[in-house]
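# Architecture and fold: a report
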Amino acid sequence: MRERVAQIRHEALTALSQAVDLTALDAVRVAVLGKKGSLTGLLRAMQDVPPEERPAIGALVNEAKAQIEAALDENKARIIGEDRARSAATERVDISLPGRKPPRGSLHPLTETLDEIVSIFERMGFVWEDGPEVETDWHNFGALNFPPDHPARDAQDTFFLENGLLMRTHTSPVQVRVMQRHQPPVRMLAPGWTYRNDAIDATHYPMFSQVEGLLVDKHVTLGDLKGVLKYFVREFYGPETKIRMRPSFFPFTEPSAELDISCFVCHGSGELDHAVCPLCKGTGWKELLGSGMVDPAVFTAVGYDPEEVTGWAFGIGIERVALFRYKVDDIRLFFEGDLRFLRQF
Amino acid sequence: MRVTYRWLKEYATFDWTPAQLAEKLTLAGHEVEALEKIGPAYTGVVTALIEKVERHPDADKLTVCLVFDGAERYSVVCGAPNTEAGRIAPLAKIGAKLPEGKVKKTKLRGVESYGMLCSRRELGYGQDHSGLWCFPPGTPLGVSPADLLGLDDHVYEIAVTANRPDCLCAIGIAREVAALARTPLRRPEMKLEPVGGEIDRLIKVTILDPDKCPRYTGILVRGVKIGPSPEWMTQRLEAAGVRAINNVVDITNYVLLEYSQPLHAFDYSFLAGHQVIVRRAREGETITTLDEQARRLTTDDLLICDAEKPVALAGIMGGLNSLVTDQTTDVFIESAYFEPTGIRRSTKRVGVSSESSYRFERGIDVEAVQFGLHRAARLMEEFAGGKVTPGYIDEYPLRRQPVVIETRPEKVNGLIGINLSNQEMADILRALELGVTEKNGRLLVDVPAFRVDLTREADITEEVARLVGFDNVPDTLHQGVDAEGREWPLRGFLRELRRLLVGMGLTELNTISFVDPKLLAAVHAPAGLRLVNPLSEDLSVLRTSLLPSLLKALAHNRAHFNQNIKIFEARRVYLPKGGSEQPDEVHRLGLLLAGTRHDVSWNQDQSEVDFYDLKGAIEGVLTPLGITNVAWKRPDDAGPYLPGMCAEIVAGGRNLGRFGKLSAEVLEAFDIKGAVFAGELDLQALLEIHVPIPTYKPVSKFPPILRDLALVTDLDTPVDEMQKAIHNTNPRRIAEVKLFDVYTGKGVPEGKKSVAFSIQYRDIAKSLADEDADRMTKQILTVLQTSFGATLR
Ligand SMILES: [Zn+2]
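Here the structure is a predicted model, which is why all the values come from computation and not from measurement.

### Details of the overall build of chain A
Along chain A, the regular secondary structure elements total twelve helices and eleven strands. Against the globule reference of 20 Å for 345 residues, chain A gives a C-alpha radius of gyration of 40 Å, more extended than a compact globule. On the principal axes, the C-alpha backbone points of chain A span a range of 125 × 50 × 45 Å. Of the contacts made within chain A by residues no fewer than 6 positions apart, 68% connect residues no fewer than 24 positions apart. When the accessible surface of chain A is split by element, carbon and sulfur atoms take 54% of a total near 15600 Å². Of the charged side chains in chain A, 39 are positive and 50 negative, and the gap between their average positions amounts to 9 Å.

### So, the sheet that holds strand S20 (residues 317-318) of chain B
All names here are of chain B. Read across the open sheet, the five strands follow the order S12-S15-S18-S19-S20; overall the sheet is mixed. Looking along the sheet, the strands with just one partner apiece sit at the ends: strand S12 (204-207) and S20. Both strand S18 (residues 302-305) and strand S19 (residues 310-313) contribute to a ladder of three bridges, which runs antiparallel. Note on S19: the bridge partner recorded for Ile-304 is Ala-312.

### Some details on the confidence of the model for chain B
Mean pLDDT over chain B works out to 93, with 99% of the residues at or above the 70 mark. Here the prediction assigns the complex a pTM of 0.84, and the interface score ipTM is 0.86.

### Notes on the sheet that holds strand S30 (residues 565-575) of chain B
Spatially, seven strands are ordered S27-S30-S31-S35-S34-S33-S32 (chain B) in an open sheet, and the strand pairing comes out mixed. Looking at the sheet topology across the chains shown, the edges are occupied by strand S27 (507-508) and strand S32 (630-633) of chain B.

### Structural notes on the coordination of the zinc ion
Residues and elements named next belong to chain A. Ligation of the zinc ion by protein atoms is provided by Cys-263 (SG), Cys-266 (SG), Cys-277 (SG) and Cys-280 (SG), these donors lying 2.2 to 2.3 Å from the ion. One chain supplies every donor for the zinc ion, spaced along it as C-x2-C-x10-C-x2-C. Here the residue Cys-263 occupies a position in the loop between strand S7 (253-262) and strand S8 (271-272), and Cys-277 occupies one in the loop between strand S9 (275-276) and strand S10 (285-294), the gap between them amounting to 14 residues. Owing to a relative accessible area of 1%, Cys-277 belongs among the buried residues under this scheme.

### Comments concerning the interface of chain A and chain B
Between chain A and chain B, the residue contacts involve 94 residues of the former and 93 residues of the latter. Each partner contributes to the roughly 8000 Å² buried at the junction of chain A and chain B, and carbon and sulfur atoms together form 53% of this total. Across the chain A-chain B interface, the total number found is 13 salt bridges. A salt bridge links Arg572(B) to Asp130(A); its shortest N-O distance comes to 2.9 Å. Applying the counting criterion to the chain A and chain B interface returns 49 residue pairs in polar contact (both at pLDDT 80 or more). Among the residues making up the side of chain A that touches chain B, the classes are represented as 42 nonpolar, 21 polar and 31 charged.

### Remarks on the nonpolar core
Soluble globular proteins tend to bury their nonpolar side chains together. Ranked by internal contacts, the top residues of the largest apolar core, which has 149 residues, are Phe121(A), Val464(B), Leu551(B), Leu592(B) and Leu686(B). Looking at this core, the element that brings in the most residues is helix H8 (residues 222-237) of chain A, giving eight residues. Leaving out residues up to four positions away in the same chain, Val464(B) has contacts with Val412(B), Ile416(B), Ile418(B), Leu420(B), Met425(B), Ile428(B) and Leu429(B). In terms of nonpolar packing, the next biggest core, distinct from the first, is built from 51 residues, Ala22(B), Leu168(B), Ala265(B) and Val331(B) among them.

### Observations concerning the side chain of Thr507(B)
As for its placement among the helices and strands, Thr507(B) is situated in strand S27. A distance of 3.3 Å separates the side chain of Thr507(B) from the backbone nitrogen of Ser106(A), its partner in a polar contact. When near neighbours in sequence (up to four residues on either side) are disregarded, Thr507(B) contacts Gly105(A), Ser106(A), Leu339(A), Leu342(A), Arg343(A), Lys566(B), Ile567(B) and Phe568(B).

### A short note on the packing of helix H11 (residues 409-416) of chain B against helix H13 (residues 457-468) of chain B
All names here are of chain B. Between H11 and H13, whose axes approach to 10 Å, the crossing angle comes to 60°. Relative to H13, the element H11 lies oblique. The crossing of H11 and H13 is right-handed. Between H11 and H13, the contacting residues are Lys-411, Val-412, Leu-415 and Ile-416 on the first element and Glu-457, Thr-461, Val-464 and Ala-465 on the second. Among the residues making up the contact of H11 with H13, the classes are represented as five nonpolar, one polar and two charged.

### Observations regarding the pairing of strand S38 (residues 752-761) of chain B
Residues and elements named next belong to chain B. For S38, a buried count of eight out of ten residues is recorded, marking the element as mostly surrounded by other parts of the structure. The sheet contact formed by strand S36 (residues 705-714) and S38 spans ten bridges and is antiparallel. Among the inter-strand pairings, Thr-713 is bridged to a residue of S38, identified as Lys-753. Note: strand S37 (residues 734-743) against S38, eight bridges, orientation antiparallel. Along S38, the bridge assignment pairs Ile-734 with Tyr-761.

### Quick look at the packing of aromatic side chains
Here a ring pair, both rings aromatic, is described through the centre-centre distance and the interplanar angle of the planes. Within the structure shown, the criterion is met by 33 aromatic pairs over all chains. Ring plane angle 15° and centroid distance 4.3 Å describe the contact between Tyr205(A) and Phe335(A), whose orientation is recorded as stacked. Here the residue Tyr205(A) occupies a position in the loop between strand S4 (186-195) and strand S5 (207-217), and Phe335(A) occupies one in helix H11 (residues 333-336), the gap between them amounting to 130 residues. For the pair shown, Tyr205(A) and Phe335(A) are each scored as buried. For the ring pair Trp7(B) and Tyr254(B), a centre distance of 5.3 Å and an interplane angle of 10° mean the geometry is stacked.

### Structural notes on the domain arrangement of chain A
Taken domain by domain, chain A comprises domain 1 (2-90) and domain 2 (109-342). Spacing between the C-alpha centres of domain 1 of chain A and domain 2 of chain A amounts to 82 Å.

### Considering the pairing of S7(A)
Residue and element names in this part refer to chain A. Across the ten residues that make up S7, a large majority, ten, are buried. The two faces of S7 match: Thr-253, Pro-255, Ala-257, Leu-259 and Ile-261 on one face and Glu-254, Ser-256, Glu-258, Asp-260 and Ser-262 on the other face are all buried. Of the strand pairs in this sheet, strand S6 (residues 243-250) and S7 are connected by seven bridges, and their pairing is antiparallel. Bridge pairing in S7 links Ser-248 to Ser-256. Counting the residues between successive antiparallel strands, the hairpin from S6 to S7 contains two residues. Sheet analysis places S7 next to S10, joined by eight bridges and oriented antiparallel. Residue pairing across strands places Ala-257 opposite Ser-291, the latter belonging to S10.

### Comments concerning helix H4 (residues 54-90) of chain A
Residues and elements named next belong to chain A. Relative to the 54 Å expected for 37 residues at 1.5 Å per residue, H4 spans 53 Å between its end C-alpha atoms, a close match to the ideal helical length. Among all positions in H4, only Ile-57, Gly-58, Val-61, Ala-64, Ile-68, Ala-71, Leu-72, Asn-75 and Ile-79 are buried. Those residues of H4 that are buried lie in contact with helix H1 (2-18), helix H2 (22-33) and helix H3 (38-44).

### A look at the pattern of salt bridges
Evaluated as defined, the whole model comprises 82 salt bridges over all chains. Between Arg246(A) and Glu31(B) there is a salt bridge, and its shortest N-O distance comes to 3.7 Å. One end of the pair, Arg246(A), is in strand S6; the other, Glu31(B), is in strand S2 (residues 31-38), on a second chain. Accessibility expressed as a relative area gives 3% for Arg246(A), which makes it buried. Of the charged contacts, one joins Arg707(B) and Asp774(B) as a salt bridge, the two residues approaching to 2.7 Å between their closest N and O atoms. Highlighted residues: Arg707(B) in strand S36 and Asp774(B) in helix H21 (residues 770-788), separated in sequence by 67 residues. Its relative accessible area of 22% is what places Arg707(B) among the partly exposed residues. Residue class for Asp774(B) comes out partly exposed when judged on its relative accessible area of 42%.

### Brief notes about the side chain of Asn413(B)
All names here are of chain B. In this structure, Asn-413 sits in helix H11. With a relative accessible area of 8%, Asn-413 lands in the buried category. Among the polar contacts listed, one links the side chain of Asn-413 to the backbone nitrogen of Leu-420, at a separation of 2.9 Å. Not counting residues up to four positions away in its chain, the partners in contact with Asn-413 are Ile-418, Asn-419, Leu-420 and Met-425.

Parameters at a glance
Residues numbered from 1 in each chain as written. Chains lettered and ligands numbered in written order. Predicted model: local features only at pLDDT ≥ 70, side-chain atom pairs only at ≥ 80, totals over all residues. Heavy atoms only, no water. Helix = DSSP H or I, 4+ residues; strand = E, 2+ residues; numbered from the N terminus. Rg over C-alpha atoms; globule rule 2.2 N^0.38 Å. Contact = heavy atoms within 4.5 Å. Areas by Shrake-Rupley, 256 points an atom, 1.4 Å probe, with all protein chains shown as cover. Lys, Arg positive; Asp, Glu negative; His and termini not counted. Charge placed at Lys NZ, Arg CZ, Asp CG, Glu CD. Pairing = 2+ DSSP bridges. pLDDT = per-residue confidence, 0-100. Donors = N, O, S within 2.8 Å, 3.2 Å for Na, K, Ca; no water. Buried < 20%, exposed > 50% of the residue type's maximum accessible area, 1.4 Å probe, protein only. Buried area = accessible area lost by both parts, 1.4 Å probe. Salt bridge = Lys/Arg side-chain N within 4 Å of Asp/Glu carboxyl O. Polar contact = N/O pair within 3.5 Å; in protein donor to acceptor, adjacent residues only side chain to side chain. Nonpolar A, V, L, I, M, F, W, Y, C, P; charged D, E, K, R; others polar. Core = buried A, V, L, I, M, F, W, Y, C linked by side-chain atoms within 4.5 Å. Axes fitted to C-alpha atoms, helices over the stretch in contact; angles between N-to-C directions. Parallel < 35°, antiparallel > 145°, perpendicular 65-115°, else oblique. Left-handed = near helix turned anticlockwise from the far one by under 90°. Phe/Tyr/Trp six-rings, centres within 6.5 Å; stacked < 30°, edge-to-face > 60°. Domains from an automatic or database assignment. Expected span 1.5 Å × (residues − 1).

Here you go:
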């Protein structure tokens, strides 16, 4: 019995030291220490040993078991070490090579910009409404308090269609259509494409996009307009951005206002590297959008009672915002479809 | 509108710097687009007292002067003949910039000179170089000559909004400045002639059309001598961007810029019969305007005529036949009010406009035409040597009705979000020269004639808000009842669609909605609506298909050597409905693939895209949108595509669109070579049939059994239908049917193809046995044999 234990131990330790991989190691473990293993079998055969010898033999078997288990751990560490060394020598990838890229296209920069602007107003409960781009004179001008033969129409440079309709010059006709369909209160956005007959150059394109916002309810004030626009500006341009509102003129709002934001290049100082800031031309301000309180004539045109409700509207030109946002210097790039440009976004 | 700082100071009292004034104006709604400094081109020049003069030791014509600028003393070598102790002259200190260059420390014949004493010419003031420019005794020292004499100035370029014609002149802007400073406005003082008198014997004015010309005034200045204008007037005209011509013309222009009152100066001797008749033109009547263009008129145009002929196109431009010339001695000045919309229609129709018509069509001050008239006459007396014939003509057949706006202060406060007292509000309005009386808690605002923009309470509200300052209105957020949410259904859908396409490697385009009609025809698209005033023929029609835009973008990219073109555009097309009806604006998705499948890369293959790349992209859109039961059909009309390489997509009973390989003649129209795959999908249809929220199907815990089947069938047999048929033999137990091979050629008979499916059997409730799989396979083979004539290979 003693010899048998010694033999099993010897054979196991030899096999373990000669094993070249973890599978071989495990095979030895199963063959010796497994349920049907040789050492396990010896323990089972203990009843054949005379009772007085059993403690001594038992101790011997346990000692062998402990030795083999220790050798298992040792050799496992040896094999893992050898494997790593071998792998380091043979299995090398060139980590400087580029990976296999999954396909990736790009969203248009105007889509991205519009989406971000819209989502800020959506958080405040404004709802996206759509309307036609080919409009009637009444929806684009008449209902918006542009009298016929009025110089205010000059600024709009309208594209006319042969069938008497026109390309909308702003997204404001959508507010007319929504107010005609629904009773107040109204809290809407009208993003979309608009058209003006401008010759194409680095800062003009005959098609451009706008987001229009409209709020109509009882007791809406100019202060509310400022509050919402300030919230928007801080969300979009950062909390340190300042706003300035100054009077302007649009036929469909009264009072009308332009909103300037503090220049994001010189942070409102008007100076950059001891020279006049090139973006704001030294004023420290940058024009962002037009807005105002809805003119009572617009309410009357859509069948609202201007004595009952008030409201405000604003319109943001998306291209302007995107030009500054991405530091693009030529508006035509947005519309040419050049992938060298578009794939940068 | 251009006006200078010093000019404004003439009429308004304020103590803002030029930059502060610019900001005040901008914040009051008169945006200063540019603020330019004008003045002589020098720096570093100050007045200095010559304390001592000594002869130069080595030069007869030079002197050495000790000069004092009030702070320091300098020794300056000077060559001027009039150096004399006690005189005050301009000193250009070292570092000063003069029109001719920079002043440096120099040695003149061995004596150092710390600066330079200057003549007028050396500072850029005229041609006088006879000696030093000397200032009167007592002139302060250390001051720039420009500041001393008011020769430098600042020009404001102001964007005057379309509703404020009263601000198209210096007095108008000054009125705003005075209101902001709460100081009174000072108008030029002058003596008015009495109406009528001697002039009535010299000229007769008749208005035949008072609707178009409610007021006409005139005055006669005799004995003028045409010559140059005074320097100050020339400078102001130039600052305002008007070229000086001669004293009489310059004076009319100056009054236009000062009062916004357009004037016209006729040579009195050319007015036949010494008559002025204001009447409509006759149909087809012509006049040659002073720009030497013959203008053909209609009865809607207004003419100024003498006894025989038209002499001016009223309010727009004078006639060539009555122009003031160098020989003119007697000038008849016209100052009138013409009805705005009539002038506007005429300028549009005739195609000519002027500074005058620009103001008439916006509306001038009908109550002030006589002031502009007299201002011009007095200036001609002063600067053109003329003499006003006593009296003036004032025909005013259609008097302006007073405009009184009843204003409720609580409404004004409520709209702005402020709380002014009635008194504060009235003070603001009075500062703007509006008449205000209070009655029963309301303000009755009497609007002067120059404020043509004020007609309603809302307009008064704006005036109050403007002068309070928008920045002083507290910011608030409206707490109202929320409006019903009814978002545009395509909004979220388009967003998801774009993200899907970008994830598949396609790049989004946005191109202009106008196309060349020839290109629409080239892609077999219907004709689009035409623009009346397109920028060019290739942007003259509203697109009815997205394909031309995608193909143009492809051509552009090819021209710039961009490869691997995978693009899409999700936009509307405009399908005409006929007549004056608005077109159907239909949202479409346009897709285009061309070139290699992948960018050039060491580990990606460089094969070209094919039909299945495009179909895969379309499936890649449809599947996530829950549109799975799709039929792909060969259309009867392949349109711009090759008939054998075109498919129509049908799902949920809707035709979703068409795609395929573009035919050679289509590509030729765009000058494109190589294979191009493109398609258009109807997004509205997609939206209507898509399943936004999928319904869960249970997954099995039991193992699958896999069987592969290779079958031989006719080349034309639709594989997608075979696939469906296989699945339908036992939908509950056939978890997946995958097509893993399609083969024609050796080993497969002519006209046949081999298709191989991998079928996964799996039951939700138990493990399947091999016998179950065998049985189901047998059933599949029977179905494929009977329905498609397919046999096991
Ligand atoms: Zn800046």
